[in-house]
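Single-letter residue listing:
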Amino acid sequence: MRKFDTKVQHLKYKVLREVARQAWNDTLQDNLLDIPKIIVPGKVPTMRCCVYKERAILGERVKLAMGGNKQNPNPIEVIDIACDECPMGGYEVTNACRGCLAHRCEDVCKFGALKFDENHVASIDKTKCKECGACSKVCPYSAIQNFKRPCETACKVKAIYMGEDKQACINNSKCISCGACVYACPFGAINDKSYILNVIDMLKGSHGNKDYKIYAIVAPSISSQFTYAKLGQVITGMKKLGFRTVIEAALGADMVAQAESKELVEKGFLTSSCCPAFVDFVNKNFPDLKQYVSHNLSPMATICKYIKEKEQNCKTVFIGPCTAKKAEAQKDNVKPYVDAVLTFEELQALFDSRDIDITTLEEGVLDNASYYGRIFARCGGLSDAVAEGIKEQNLEFDVKPCACNGIEQCKIVLLQKKIGKLQANFIEGMACVGGCIGGAGCLTHGEKNKDEVDKYGREALEKTILDSLSQLK
């Protein structure tokens, strides 16, 4: 069974795996320049015009696998030399243009960008076009199409722009680190930087040191990943890597659901704070609504904070589907609790860098959280959990949730709140379509992932939030 959705993901994984393998063997610096040759041996290119350019791009991928540009706080970066295959795009007149006499496209263009040849066939003067799309809307033949780069189409916050050399660039003041552009780029020219070396250093330091504990905090969306093996085998595999204990981030979700339900009742209106990309979107685009964002930390930060306060000499590593979590972990109020963030892609690379075939392992157990904590992984789960938290605590409040499935829906609902037209009193903001199961760091994406999360939730030993939290006492 395939481990990844795309070949781009597989290429990224091969770089991560090789960097990790060299790091485990303490040979990374010695073999740094040889890694591209290891991945693409011989003189025949597999993806590019020549093997030399291919290896040069792989060299840039290696840098990202080693942490990328330390001066750039954004975990998402562009590999400039890999971003050269997409047309600039924009509005173009296709061969569907019939050279009609009406020239509605010309009439609606306020910038004089439409011109015509002797057969009345239209074309667009790019020096005048403002990309407003008015001409496309009125064309009776739908002959004017907007050809955007995949990264631009995927980025719903308009953080992607074209640089002087026509390469994609990221505007950090707009970017919310959701990673949609990473997954969408067909050439893998946009990537999230990895902190896999930091994690390997921690794991290597823990070997033989019984007092040194490294906790793996796994997101509930793991239930829809690693489909070629059983979840219990994945848990055992993490322990073979050197993690002392594997804990569900869903336990942190239970803690957040209880606290957030109380906060909602006290304030009367609230937006969730679980998705860091959504919170960043509110801060950057709706600063007047920041007051409504829950003051609770995310489930990741909440459970890591609990662990750090209970245990000495320990490290916490969050493993999940989210590139925005890498940005969240750098925040001042989260940094003391979360030592590193890995994606599921990076976890797969770690397994294979140690030649761990998880399909051959016995099944471990993961039973820290309730049904409601586990369904945080899909859109609507947080709303259900908050409603349950209100019910279990016997609080008097009629919750009217609005679950936003993707950042475009988030924008619409926030606009409604801004102008006083929103009927809901709780906004569940999920930047990725589908929720966390649609995160850029997933191995696989798809509607079936929701069913797997719900199944995983129903298998929880703890059926209520209070039952789950009772084990913390």
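In every chain, residue numbers begin from 1 and rise along the written sequence. Local features in a predicted model are, by the rule used here, given only for residues with pLDDT of at least 70; side-chain atom pairs are given and counted only at 80 or more, and totals for whole chains, interfaces and linings are based on all residues. The side-chain figures draw on all heavy atoms in the structure; neither hydrogens nor water molecules are used.

Q: I'd like to hear about a positive patch on the surface, residue by residue, with values.
A: Where like charges cluster on the molecular surface, the positive patch consists of Lys148, Lys156, Lys158, Lys174 and Lys411. Positionally, Lys148 belongs in the loop between β5 (144–147) and α7 (150–154). You can call Lys148 partly exposed: its relative accessible area is 43%. Think of a patch as exposed residues, more than 30% relative accessible area, with no salt bridge, where like charges cluster within 9 Å and nonpolar side chains (Val, Leu, Ile, Met, Phe, Trp, Tyr) cluster within 5 Å. Computed by Shrake-Rupley with a 1.4 Å probe, the accessible areas treat only the displayed protein chains as cover when residues are assessed. Salt bridge, as applied in this entry: a Lys or Arg side-chain nitrogen positioned within 4 Å of an Asp or Glu carboxyl oxygen. The charged-residue count follows a simple rule in which Lys and Arg add positive charge and Asp and Glu add negative charge, with His and chain termini not counted at all. Taken as the charge centre is NZ of Lys, CZ of Arg, CG of Asp or CD of Glu, depending on the residue. Each helix is a run of H or I in the DSSP string that is no shorter than four residues. Each strand is a run of E no shorter than two, and both are numbered from the N terminus. Note on classification: 1.4 Å probe, protein chains only; a residue is buried when its accessible area is under 20% of the maximum for its type, exposed when over 50%, partly exposed between these limits.

Q: Tell me what's going on with the packing of aromatic side chains, and back it up with residues and numbers.
A: Two numbers describe a pair of aromatic rings. These are the distance of the centres and the angle of the planes. In summary, the pairing rule links any two rings of Phe, Tyr or Trp, Trp by its six-membered ring, whose centres are within 6.5 Å, and it sorts them by plane angle into stacked for under 30 degrees, edge-to-face for over 60 and tilted for everything else. For the structure shown, the criterion picks out six aromatic pairs. Between Phe226 and Phe351, the ring centres sit 6.1 Å apart and the planes meet at 70°, which makes this aromatic pair edge-to-face. Pair noted here: Phe226 is in the loop between β9 (213–218) and α10 (231–241) and Phe351 is in helix α15 (residues 344–353), with a separation of 125 residues, a long-range link. Assessed through its relative accessible area of 1%, Phe226 is described here as buried. Residue Phe351 is classed as buried on the basis of its relative accessible area, which comes to 0%.

Q: Residue-level account of the pairing of strand β13 (residues 340–343), with values.
A: Along a regular strand, successive side chains alternate from one face of the sheet to the other. Burial along β13 is two-sided: Ala340 and Leu342 and Val341 and Thr343, pointing in opposite directions, are all buried. When DSSP finds two or more bridges between a pair of strands, those strands are recorded as paired. Direction of pairing for strand β12 (residues 314–320) relative to β13: parallel, over a ladder of four bridges. Looking across to β13, one finds that Gly320 is bridged to Thr343.

Q: Pulling in residues and values, what's your account of the sheet that holds strand β11 (residues 270–271)?
A: Ordered by their spatial adjacency, three strands build an open sheet running β11-β15-β14, and the pairing between neighbours is parallel. At either end of the open sheet lies a strand with only one pairing partner, and these are β11 and β14 (401–405). Relative to strand β15 (residues 426–430), β11 runs parallel, the two being bridged by two bridges. Across the sheet, Thr271 pairs through a bridge with Ile427, a residue of β15. Against the sheet, helix α17 (residues 381–392) touches β14 and β15, its axis set at about 145° to β15. Two residues qualify as a contact provided that any one of their heavy atoms is within 4.5 Å of a heavy atom in the partner residue. For helices, the axis comes from a line fit to the C-alpha atoms of the stretch in contact; other axes are also lines fit to C-alpha atoms, and the angle between any two N-to-C directions lies between 0 and 180 degrees.

Q: Give me the lowdown on α17, citing residues and values where you can.
A: It helps to recall that an α-helix has 3.6 residues per turn; residues three or four apart then point in one direction. The end-to-end C-alpha separation of α17 is 16 Å, in line with the 16 Å expected for 12 residues at 1.5 Å each. Within the span of α17, buried status applies to Gly381, Leu382, Ser383, Ala385, Val386, Glu388, Gly389, Ile390 and Glu392. Against the buried residues of α17 lie α11 (249–267), α16 (371–374), β14, β15 and α20 (465–470). Directly beyond the C-terminal end of α17, a positive phi value near 55° is found at Asn394. The span you would expect from a helix comes to 1.5 Å times its residue count less one.

Q: Describe the pairing of β15, and please don't skip the residues or the numbers.
A: With five of five residues buried, β15 is to be regarded as a mostly interior element. Burial of β15 is two-sided: the residues Phe426, Glu428 and Met430 facing one way and the residues Ile427 and Gly429 facing the other way are all buried. Sheet analysis places β14 next to β15, joined by five bridges and oriented parallel. Counterpart to Cys404 in the pairing with β15 is Gly429. Handedness of the crossover joining β14 and β15 through helix α18 (residues 407–418): right-handed. Think of it like this: strands point away, you trace from the first strand over the helix to the second, and a clockwise trace means the crossover is right-handed.

Q: Which residues make up α15, and what values do they have?
A: Most of α15 sits out of view: 10 of its 10 residues are buried. Inspection of α15 places Phe344, Glu345, Glu346, Leu347, Gln348, Ala349, Leu350, Phe351, Asp352 and Ser353 among the buried residues, and these make up the whole buried set. Just downstream of α15 lies Asp355, where phi reads positive at about 55°.

Q: Talk me through the environment of Cys432; I want residue IDs and the actual numbers.
A: As for its placement among the helices and strands, Cys432 is situated in the loop between β15 and α19 (448–458). On the accessibility criterion, Cys432 (18% relative accessible area) is buried. Along the chain, Cys432 and Glu408 lie 24 residues apart, while their C-alpha atoms are 9.4 Å from each other. Those residues in contact with Cys432 that sit more than four places away from it in its chain are Cys178, Asn405, Gly406, Gly438 and Gly439.

Q: If you had to explain the nonpolar core to someone new, which residues and values would you point to?
A: Nine residue types can take part in a nonpolar core, namely buried Ala, Val, Leu, Ile, Met, Phe, Trp, Tyr and Cys, and a core is a set of them joined through side-chain atoms within 4.5 Å. Phe226, Met238, Phe243 and Ile319 are the most contacted members of the largest nonpolar core, which has 91 residues in total. Setting aside chain neighbours within four positions, we find Phe243 in contact with Val199, Leu203, Ile214, Tyr215, Ala216, Met238, Val317 and Ile319. The next biggest cluster of nonpolar side chains, apart from the first, holds 43 residues, and it includes Ile57, Val293, Cys404 and Cys410.

Q: Outline the environment of Thr153, listing residues and values.
A: Within the secondary structure, Thr153 sits in helix α7. The spacing of Thr153 and Lys63 is 90 residues in sequence and 27 Å in space, taken between C-alpha atoms.

Q: So what about the pattern of salt bridges? Which residues, and what values?
A: All told, the structure shown has 22 salt bridges when counted by the stated rule. Note that Lys204 is salt-bridged to Asp26, the shortest N-O span being 2.3 Å. With Lys204 in helix α9 (residues 196–206) and Asp26 in the loop between α1 (7–24) and α2 (28–31), the pair connects residues that are 178 residues apart, well separated along the chain. By relative accessible area, which is 59% here, Asp26 ends up exposed. Arg374 is the partner of Glu248 in a salt bridge, and the nearest nitrogen-oxygen pair spans 2.9 Å. Remark: Arg374 occurs in helix α16 and Glu248 occurs in strand β10 (residues 245–248); sequence separation between them is 126 residues. Per residue, the accessibility class of Glu248 equals that of Arg374, and both read buried.

Q: Before we move on, could you go through the packing of α9 against α15 and cite the residues and values that matter?
A: Relative orientation of the contacting elements α9 and α15 amounts to 50°, with a least axis distance of 11 Å. With respect to their mutual orientation, α9 and α15 come out oblique. Along this stretch, α9 crosses α15, giving a crossing that reads as right-handed. Only Glu346, Ala349 and Leu350 of α15 make contact with α9, whose side of the interface consists of Ile196, Val199 and Ile200. When an angle is under 35 degrees it counts as roughly parallel; over 145 it counts as roughly antiparallel; between 65 and 115 it counts as roughly perpendicular; any other value is oblique. Take the far helix as the reference: if the near one is turned anticlockwise from it by less than a right angle, the crossing is left-handed, and if turned clockwise, right-handed.

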